[in-house]
Amino acid sequence: MTTRRSFLQGTGAIVLYFNMVPTSVLGQQVAAGSNLPESLVANPSLDTWLRIDADGLVTLSPGKCELGQGIQTALAQIAAEELDVAFDRVRVAAVDTATSPNEAYTNGSRSVEVSGAAVRAAAAEVRDILVGLAADELAVERNKVGVANGVFTVDGSASKIGYGAVVADLQLARNATGSASPKSQDSYRLVGQSLQRIDIPRKVFAESAYIQDIRMDGMLHARVVRTGDREAKLLPPTDFSAVSRLPGVVKIIRDGSFLAVVAEREEQAVKAAKALVRLCHWDTAKLPMQSPTINEWLKKAPADVRVVAESGAVGSAEVARTVSANYSRPFQAHASMSPSMSIAQKSGDQLTVWSHTQGAFLMRGAIAKLVGLDEENVRLIIAEAAGCYGHNGADDAAADAALIAMHMPGKPIRLQWSRADEFLGEPYGSAMTTRISAGLDANGQIVDWQYDVWSGTHSIRPAGAKRAGHLFAARQIAQPLPAAPVGNIPQPRGGGDRNAVPLYAFANQRITKRLIPDMPVRVSALRGLGAYMNVFAIESFMDELAHAQGEDPISFRIRYLADKRAIGVLEKLREQMAAAGFDAVVAPAGVGIAMARYKNSGAYCAVAMRVVVDTETGQLKLDRALCAADIGLVVNPDGAINQIEGGVIQSASWTVKEQVRLGLNGVTSTDWASYPILTFPEVPLVEVALVDQSNEPSLGSGEASQGPTAAAIANAVANATGKRIRDLPLTAARIKKS
Amino acid sequence: MAIKLNVNDKEVQLDIKPDTPLLYALRNDLELNGPKFGCGVAQCGACAVLVDGKSVRSCVVPVNAVVGSKIVTLEGLGSPEAPHPLQAAFVKEQAMQCGYCANGMVMTAAAFLQKNKNPTDEQIRTALSRNLCRCGAHNRIVSAVGEAARSYREGESS
Ligand code: FES
Ligand code: FES
């Protein structure tokens, strides 16, 4: 049974939030009784997905963006599989609001699930249509016609014609019907293969691969000048004439507290922006908390309190002993390797924006609202930047470029954020704190489980016109847009409460989410959202309980698991650990394990980490990670392993090093020196094993390893030192002090 | 002012200020895609190029400091038809996710392998310790550099 209560805790809070109901936000209502995948229902015309030219070359046009996760390759594999063409005959188009299907955001590790299903169905149907055309052309019965490598076969032998020969008659401007059935898995020849990614050669050979590589005639270079506080007001005097006389400066744009400079050359824009910084005075609010006081602040802040899951009757069981603990994480940054940028050009009443956003169509609406154009007059074209790992500065930079371009009709404006702009301007992963309280019966069995999580929002994406107020610049301009309500993603996906509901079967449990709508710094979606923190907390606590009872941590977990696939990854991990000699580890080394199913509906992932701790200095060496994952049907094993491996390393970096530092006057992490991340000598070896579950639907692998890695490290440190650290990051100072 | 540079074995003349960062000359004037802007303050390595065989961070090098030097970018290292061993190894090992860091990794490793033809993994990690990767592709990158070193040696002994 799940009950939901909501009441306002604290005083004086204006609670602004909205429930992000997937169907309305994604604009992808699944028609009742439809057998078509959701993306195909939303974008039914086959020609939005696929084109085939007279040479038989296939162009696939999905609505999901390449973010370095290899999605274009995986989708090309699915298309080539269903169309029976060679893999290298498929091209993948970048997302463009003028031509692509609207697949909302590329997030939540659902691209292979959602877009993959649509591509599979669309390609199967197109193949079916082509086979029909070939039957006419060859004057044979339709059921005699097959396809091999893009060439039609009759009774299994190659005919003289291929796809190219019949495309003149191919009409794809028609809605998908779902009439063709996709291939059965046992006939797969491409899906399930570790094909090389299609984007890697152009990156290795420095061909045009990124948004940064787009250069346009007459392009001007722009920089914004701001603090990290989008509510900060630019104070008089604002005489910038000295800067406008600097070499190459074309224009200084000021709209309220939005300030930007446009120059002919990039280094001129950089210099002019630096000169502007010296002339600006900002009225900016003091922060109500600094790094050391985040936890206390979160627990006292006005919050919307909801019980998000409840089963049995908490407090009803006979409890011999109650154990509780508090855990926390600081604000953490996406810290993409490429600071955000965008190119925008206003031509007549049209505005075109090149961006590395994760949601082209939603950004179109937000930008149109911000600059006061009709949505039809705004076009977003997506090109890849460095990995974003969630909602970073991409959308804000696109909005900045759009605002500047509106002041400079005709000119392509390339707006580039500096490294500091990115660190200060991006919305962070929210600081969070959790409290777990478990009631144990006389046998040490968990019979009562209460879990509380305090968190800011994990969703302030500028999703369309209504949420344009989330854009950084939206609050700076002279006619600011009202701040949009912060997102509150309900269970079962959850935002701050993502993975707060344990996968374990406890007889009585209550999970309470406290959403703090008004945070002192901007926060939004960072890879895994609340799952990183909640899995860290639950899996640390489970280890503490196992340890207190002298029980093996894997067996202890399995006792509370009903989900066979969860048990499967733990058992796989146990095998890997035995093979790697993880059983025989002694102090100062330690091994820790953890497991979760992402979102309780996505990929299963279990991680074991071996660490070595120098107890004198607290220095922590991450030595080797083992990982067992179940992601259902695997489209590209190496691609999936790459993402899981990268997730382990990124999470390890968050867990042992990262925190956005807050001082009285704001964020003080502005570069890689003040926001250090894991470096080569500090990175553990990572080995990933995929559990074979090819009869199950594909599950995204991009966010599965974040939570388990954090807890595995904390558990390893506890096993190595006997000391439990419950606050992230696990710095040397904390390890030494504990 | 006219600045003469030697980039990827070509002499070029640019009408830019002598203090222009080399990165902007390469990316904006010469329209090369290899070196990337990552931080602008010599902290990440994304902008690495070879100057007289040494890996340097082009975001903090003014163009007048490299007049008369041989500058090599990722474009100059190899091509799909004739890849540098590091480029071939990065493809073979699929040594990236987003790949934004790859230029810096390849260029830094190219200079390193000139000095150490038979490196241990640990030496490779140390050589790349000032190059950042946010996607966590580190282990694949180390494998790729090791693989390139092997094929270098084989190439020389054959
Ligand atoms: S861009 Fe030059 S080191 Fe980062
Ligand atoms: S592969 Fe993305 S930063 Fe290294």
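Residues numbered from 1 in each chain as written. Chains lettered and ligands numbered in written order. Predicted model: local features only at pLDDT ≥ 70, side-chain atom pairs only at ≥ 80, totals over all residues. Heavy atoms only, no water.

### Some points on the sheet that holds strand β18 (residues 378–382) of chain A
Backbone-to-backbone hydrogen bonds join strands into a sheet, with any given pair of strands oriented parallel or antiparallel. All names here are of chain A. Put simply, the test is: Criterion used throughout: strands pair if DSSP finds at least two bridges between them. Numbering goes from the N terminus for both helices and strands, where a helix is a DSSP run of H or I of at least four residues and a strand is a run of E of at least two. Here an axis means a line fitted to C-alpha atoms, over the contact stretch when the element is a helix, while the angle between two N-to-C directions is reported on a 0 to 180 degree scale. The contact criterion used throughout is that any non-hydrogen atoms of two residues lie within 4.5 Å.
Strand order in the open sheet made by the seven strands is β11-β12-β9-β19-β16-β17-β18, with mixed pairing throughout. Two strands lie at the open edges of the sheet, namely β11 (249–255) and β18, each paired on one side alone. Across the sheet, the mean angle separating the axes of adjacent strands is 20 degrees when strand polarity is ignored. Against the sheet, helix α8 (residues 266–279) makes contact with β9 (220–224), β11, β12 (258–263) and β19 (413–416), and its axis sits at roughly 145 degrees relative to β12, the strand it touches most.

### Remarks on the interface of chain A and chain B
For clarity, the threshold we go by: Summed over both partners, buried area is the accessible surface (1.4 Å probe) that two parts give up on being assembled. Salt bridge criterion: a side-chain nitrogen from Lys or Arg within 4 Å of a carboxyl oxygen from Asp or Glu. The definition of a polar contact used here is a pair of N or O atoms within 3.5 Å, where within protein one atom must be able to donate a hydrogen and the other to accept one, and adjacent residues in sequence count solely through side-chain atom pairs.
Taken together, the contacts link 64 residues of chain A with 50 residues of chain B. Taken together, both faces of the contact between chain A and chain B bury some 4,700 Å²; the carbon and sulfur share is 55%. Summed over the shared surface of chain A and chain B, the result is six salt bridges. For the salt bridge of E645 of chain A with R140 of chain B, the shortest nitrogen-to-oxygen distance reads 3.2 Å. Viewed at the interface, chain B and chain A are joined by 34 residue pairs in polar contact (both at pLDDT 80 or more).

### Observations concerning the domain arrangement of chain B
When the parts of a complex come together, some accessible area is lost, and that lost area is often used as the size of the interface. Residues and elements named next belong to chain B. Formally: Delimitation of the domains relies on an automatic or database domain assignment.
Partitioning chain B into domains gives domain 1 (2–74) and domain 2 (85–157). Summarising the inter-unit geometry, the C-alpha centres of domain 1 and domain 2 are found 21 Å apart. The interface is formed by 20 residues belonging to domain 1 together with 12 residues belonging to domain 2. Roughly 1,200 Å² of surface becomes buried between domain 1 and domain 2 when both sides are summed, with 53% attributable to carbon and sulfur atoms. A per-residue breakdown of the area domain 1 buries against domain 2 is headed by K36, R57 and L74, which together make up 38% of the total.

### Some details on helix α1 (residues 22–29) of chain B
A turn of α-helix holds 3.6 residues, and therefore any two residues three or four places apart point the same way. The condition that has to hold: Here the term buried applies to any residue with accessible area under 20% of the maximum for its type, exposed to any over 50%, and partly exposed to those in between, with areas from a 1.4 Å probe on protein chains only.
Taking burial as the measure, the eight residues of α1 of chain B include six buried ones, the bulk of the element. Three or more residues of α1 of chain B are buried, namely L22, L23, Y24, A25, L26 and R27 of chain B. The elements touched by buried residues of α1 of chain B are β9 and α8 of chain A together with β1 (2–7), β2 (10–15), β3 (48–51) and β5 (70–72) of chain B.

### Let's talk about the confidence of the model for chain B
Detail in the predicted coordinates should be disregarded across regions flagged by low pLDDT. Convention followed: Confidence of the predictor at the level of single residues is captured by pLDDT, which takes values from 0 to 100.
Confidence in the prediction of chain B, expressed as mean pLDDT, is 97, and 99% of residues score 70 or more. Predicted as a complex, the structure gets a pTM of 0.94 and an ipTM equal to 0.98.

### Describing the environment of P339 of chain A
On the secondary structure map, P339 of chain A appears in the loop between β15 (321–329) and β16 (341–347). Non-local contacts of P339 of chain A, meaning those with residues more than four positions away in its chain, are made with Q212, Q416, W417, S418, R419 and E422 of chain A together with F37 and G38 of chain B.

### Examining the pattern of salt bridges
Residues and elements named next belong to chain A. For the coordinates displayed, the defined rule picks out 43 salt bridges over all chains. One salt bridge in this structure joins R364 and E375, with 3.6 Å as the shortest N-O distance. Here E375 lies in the loop between α10 (360–371) and β18 and R364 lies in helix α10, a separation of 11 residues in the sequence. One salt bridge connects R557 with D543, and the closest N-O pair in it is separated by 3.0 Å.

### Some details on the side chain of E426 of chain A
All names here are of chain A. For the record, the criterion: Charged residues are defined here as Lys and Arg on the positive side and Asp and Glu on the negative side; His and the ends of the chain fall outside this count.
Within the secondary structure, E426 is located in the loop between α12 (419–425) and β20 (432–440). No salt bridge is formed by the buried E426. Its closest oppositely charged neighbour is R419, at 6.0 Å. In this structure the side chain of E426 is engaged in a polar contact, spanning 2.5 Å, whose partner is the side chain of H334. Those residues within four positions of E426 in sequence are excluded, and the remaining contacts are A333, H334, A335, N392, G393, W417, D421 and R522.

### A look at the packing of aromatic side chains
All names here are of chain A. Here is the rule we go by: Each aromatic pair joins two rings of Phe, Tyr and Trp (for Trp, the six-membered one) with centres within 6.5 Å, and gets the label stacked for planes under 30 degrees apart, edge-to-face for over 60, and tilted for any other angle. Two thresholds decide whether a charge sits over a ring: the Lys NZ or Arg CZ must be within 6 Å of the ring centre and within 35 degrees of the ring normal.
Counting across every chain of the model gives 11 aromatic pairs over all chains. Summarising the aromatic geometry, the rings of F506 and Y560 are spaced 5.4 Å apart at their centres and angled 65 degrees between planes, so their arrangement reads as edge-to-face. Taken together, the residues F506 in the loop between β22 (486–488) and β23 (509–515) and Y560 in the loop between α14 (553–559) and α15 (564–579) connect sequence positions 54 residues apart. By relative accessible area, which is 3% here, Y560 ends up buried. Feature note: the residues W449, Y504, F506, F541, F556 and Y560 constitute an aromatic cluster, connected by ring pairs. One Lys or Arg, K299, reaches over the ring of W454 and ends 4.9 Å from the middle of that ring. Geometry around Y105 places R461 over its ring, the cationic atom sitting 4.8 Å from the centre.

### Quick word on the domain arrangement of chain A
All names here are of chain A. Assigned domains of chain A: these are domain 1 (4–191), domain 2 (218–284 + 339–425) and domain 3 (429–458 + 494–737). Here the C-alpha centre of domain 2 lies 35 Å away from the C-alpha centre of domain 1. With both chains or domains summed, domain 1 and domain 2 bury close to 1,400 Å², and 60% of this area falls on carbon and sulfur atoms. When the buried surface of domain 1 facing domain 2 is broken down by residue, L67, T97 and Y105 rank first, second and third, together holding 42% of it. If you look at where domain 1 meets domain 2, you find one salt bridge.

### Digging into the packing of helix α16 (residues 637–657) of chain A against helix α17 (residues 706–721) of chain A
All names here are of chain A. Note the following rule: When an angle is under 35 degrees it counts as roughly parallel; over 145 it counts as roughly antiparallel; between 65 and 115 it counts as roughly perpendicular; any other value is oblique. Handedness of a helix crossing follows the sense of rotation of the near helix relative to the far helix, less than a right angle counterclockwise being left-handed and clockwise being right-handed.
Direction vectors running N to C along α16 and α17 enclose 50 degrees, while the axes themselves pass 8 Å from each other. Between α16 and α17, the angle is such that the two are oblique. Considering only the axes of α16 and α17, their crossing is right-handed. Judged by residue contacts, G647, V648, Q650, S651, A652, W654, T655 and V656 of α16 engage Q706, T709, A710 and I713 from α17.

### Thoughts on the sheet that holds strand β29 (residues 685–690) of chain A
Residue and element names in this part refer to chain A. Here we have four strands laid out as an open sheet, ordered β24-β25-β26-β29, and mixed in their pairing. Of all strands in the sheet, those with a lone pairing partner are β24 (589–597) and β29, marking the two edges. Taken pair by pair, the neighbouring strands of this sheet meet at an average axis angle of 15 degrees, ignoring direction. The pairing of strand β26 (residues 620–630) with β29 spans six bridges and is parallel. Looking at the pairing, A628 lines up with A689 of β29.

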